[in-house]
Amino acid sequence: MNTLFDKIWDAHVVTKLEDGPTQLYIDRLYCHEVTSPQAFEGLRKRGLDVFRPAQVCCMPDHNIPTLHQDKPIVDPVSKKQVDTLDKNAKDFGVQYFPIGNAKNGIIHVVGPEYGLSLPGMTMVCGDSHTSTHGAMGAVAFGIGTSEVEMVLATQCVFQTKPKTMRIRFEGKLKAGVLAKDMALYMISKMTTGGATGYFVEYAGEAVRALSMEGRMTLCNLSIEMGARGGLVAPDETTFAYVKGREFAPVGEAWDKAVAYWKTLKSDGDALFDKEILFDASEIEPMVTYGTNPGMGMGVSSSVPSIEEMEESGRASFAKSLDYMGFKSGEKLMGKPIDYVFLGSCTNGRIEDFRVFADFVKGKKKADGIVVWLVPGSWAVDRQIRQEGLDKVLNEAGFELRQPGCSACLAMNEDKVPAGKYAVSTSNRNFEGRQGPGARTILAGPLVAAAAAVTGKITDPRML
Amino acid sequence: MDKFRTLTSTIVPLPIENVDTDQIIPARFLKATSKDGFGDNLFRDWRYDKQGNPIKDFVLNDPTYKGEILVAGKNFGSGSSREHAAWAVAGYGFKVVVSSFFADIFRNNAMNNFVLPVVVSDSFLSEIFASVKSDSAMTLTVDLEKQTVTNNHTGKSESFSINGYKRECFLKGLDDIDYLLSKKDKIEEYEKGKSLL
Ligand code: SF4
């Protein structure tokens, strides 16, 4: 009567401290340049080596420019972080995909692409969207830099076992509704703190029907409702995705692995601390209207009115609408926007580019708006070109940039100017996230494509 | 690290809910490669305008409020896992953050930097905000041994929870890595068992 989460967790317990956390074994540690320098420095100060360098994979993604990656990084502070990771990776002998390397990209896009993230694993990274890798049927979660240091030094972290929640999406999604819409819908119902303390298993007909890319999008956003992570039980879709990837097991090891992976599901009588059920057929293409991902609604709905809010939340609500320049109770459809961003570890995968390209095919980019199309990795970029999507995009007036986190958190040059509106496929619409004063409307790749050709907030099903 | 037993201090009130890590420390300040200096940019965009001038009515710029205890609205520290948020809070000089709810990762990060997150009930939190409104010099006492927090303005106390292991770490000033390193044999034993699977 165990849940999938329990099974993977229990298989990784080294010890459990009395009245304390669990010492959990970590199969893979991912590091990027922003949250790792202090951890490597900590090792040096303590005179330690990386305990299991073969289980550590590093790549820069947050700071890297999305144009001219062959040239040195202009911003001296960004450059220093990336150079520091270069040096740390070399000094400590861990796996490393530097800028310009064919395998570079956003960690959460790259890990699954090369079979580094596999079912049944425990994976961590100093990054909250590590939850993405849960789509493989794994326990993956974000940690802080002190914890990165712990894993570098001992391949273990201390964690308190989270509670378990199952979220089922029964029924079928309507045409034009994507995994991102499921996630934004879910967060709008759950609120940004609604799953704090829980690890979520996604299940139900609509989840089973998702591709691996779709599952990654859904698991990616788990953290936006406060969950420690999210996962989907591995199935034939998973095995077909993993098979043949560079670091995936082969031959006899593959057969053995699949036999084990097939046991990774919640038992029929498993008890969850909390169960939630959504009707997938209710979900509309979503947009956010406020400054946290929980402030979402169907694209044709109206912003909730302030009177509907609980007293204690009204000040934050008003502050948020004020920042966005929206009014309580108004409709957003038809509002002009300035920027569109397709990319990030939420929606920077091949499927997202297919959806976008398919929609804009034969149409034209709206005048006066800036559109950043940023593949999540070089592998995605290669596939875009292989499938000829780059030509479709070019004909419609769009250009591809080079892979990286880009405008998702605007640590590089890709910043949305103050006061401007961006329809963004990323995961956070916090104040200033895409640049100081930038106004972010989160959406899926279809709503983004519709905005890119109309220059307005548009229901893609109307075109 | 310093040991922590009890602390009595005036407070800095921030009665805003869902304060996320991007507000605590905006992403553009994440480029440092050491842990120092983050306190200067704590709540940067609420604290300073675009020209870098202090925004007068933000609480950190208001000389009426100071102290080593930050009291914040529900769901403090949501968003990114950046430990920089905890470094900023610690670097500014806070030793305790009180709220009725913390995001998980922030809570862990805070503890790993010897900032004690104290969870109180919603009503206890509202009372603190009410007390400080009527008396900006009011104090809170956090007693880690007894696991209580007291509003010295009203005299009311509430107990808070923390696991025994972390409590020991705070009381003794020890960190997790010291402990894990002492368990290497256990880790190797685990790895052996695993490869036989
Ligand atoms: S794409 Fe955005 S959310 Fe994903 S890892 Fe990069 S910065 Fe974080």
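Structure's up top.
So, how was this worked out
- Residues numbered from 1 in each chain as written.
- Chains lettered and ligands numbered in written order.
- Predicted model: local features only at pLDDT ≥ 70, side-chain atom pairs only at ≥ 80, totals over all residues.
- Heavy atoms only, no water.
- Pairing = 2+ DSSP bridges.
- Helix = DSSP H or I, 4+ residues; strand = E, 2+ residues; numbered from the N terminus.
- Axes fitted to C-alpha atoms, helices over the stretch in contact; angles between N-to-C directions.
- 1 Å grid on protein atoms, 1.4 Å probe; cavity = no way out; pocket = protein on both sides within 12 Å on 5 of 7 lines; lining within 4 Å.
- Points joined across faces, edges and corners; volume = space filled by probe spheres on them.
- Near = heavy atom within 4 Å.
- Sits in = over half its atoms within 2 Å of the grid points.
- Nonpolar A, V, L, I, M, F, W, Y, C, P; charged D, E, K, R; others polar.
- Domains from an automatic or database assignment.
- Contact = heavy atoms within 4.5 Å.
- Buried area = accessible area lost by both parts, 1.4 Å probe.
- Salt bridge = Lys/Arg side-chain N within 4 Å of Asp/Glu carboxyl O.
- Polar contact = N/O pair within 3.5 Å; in protein donor to acceptor, adjacent residues only side chain to side chain.

What follows covers the sheet that holds strand β4 (residues 116-119) of chain B. All names here are of chain B. Across the sheet, 7 strands lie side by side as β4-β3-β2-β1-β5-β6-β7; this open sheet has mixed pairing. Either end of the sheet is taken by a strand with one partner, and the two such strands are β4 and β7 (156-159). Between one strand axis and the next, the sheet turns through 30° on average, direction left out of account.

A regular strand carries its side chains on alternate faces of the sheet. The pairing of strand β1 (residues 6-14) of chain B with strand β5 (residues 139-143) of chain B spans 5 bridges and is classified as antiparallel. Bridge pairing links Thr10(B) to Thr139(B) in β5(B).

To continue, consider empty space enclosed by the protein. Residues and elements named next belong to chain A. Counted according to the given criterion, the structure contains 2 cavities of 30 Å³ or more. Considered as a void within the structure, the largest cavity measures approximately 230 Å³ in volume. In terms of lining, the largest cavity is formed by 24 residues, of which the most central are His62, Asp127, His129, Leu409 and Arg433. Of all elements in the fold, only α4 (107-113) and α12 (344-347) reach the threshold of two or more residues within the lining of the largest cavity.

Moving on: the site of the ligand. Residues and elements named next belong to chain A. Residues in contact with the ligand, as listed here, are His62, Ile106, His108, Asp127, His129, Ser344, Cys345, Cys405, Cys408, Leu409, Asn427 and Arg433. Of all the cavities here, the one that holds the ligand is the largest cavity. Here the residues of the shell around the ligand are counted per class, giving 5 nonpolar, 5 polar and 2 charged. If you count residues domain by domain, the shell around the ligand takes at least three from each of domain 1 (4-275) and domain 2 (287-462).

The subject of this paragraph is the sheet that holds strand β4 (residues 56-58) of chain A. All names here are of chain A. Spatially, 5 strands are ordered β5-β4-β3-β6-β7 in an open sheet, and the strand pairing comes out parallel. Unpaired on one side and paired on the other, β5 (95-96) and β7 (139-142) mark the two borders of the sheet. Pairing between strand β6 (residues 122-125) and β7: 4 bridges, direction parallel. Within β7, the position partnered with Thr122 by the bridge is Val139.

It is worth spelling out the interface of chain A and chain B at this point. Residue-level contacts link 65 residues of chain A with 51 residues of chain B. With both chains or domains summed, chain A and chain B bury close to 4,700 Å², and 57% of this area falls on carbon and sulfur atoms. Three residues stand out in chain A for area buried against chain B, namely Gln38(A), Arg46(A) and Phe158(A), and they jointly supply 12% of the buried area on that side. Where chain A meets chain B, there are 7 salt bridges. Here Asp75(A) and Lys31(B) are joined by a salt bridge, their closest N and O atoms 3.4 Å apart. In this structure, the connection of chain A to chain B is made through 25 residue pairs in polar contact (both at pLDDT 80 or more). Going through the elements one at a time, β1 (13-16), β2 (22-25), α2 (37-46), α3 (76-92), α5 (145-154), β8 (156-159) and α11 (314-324) of chain A are the ones with two or more residues in the side of chain A that touches chain B. When residues of the side of chain A that touches chain B are assigned to their parent elements, the largest contribution, 7 residues, is made by α5(A).

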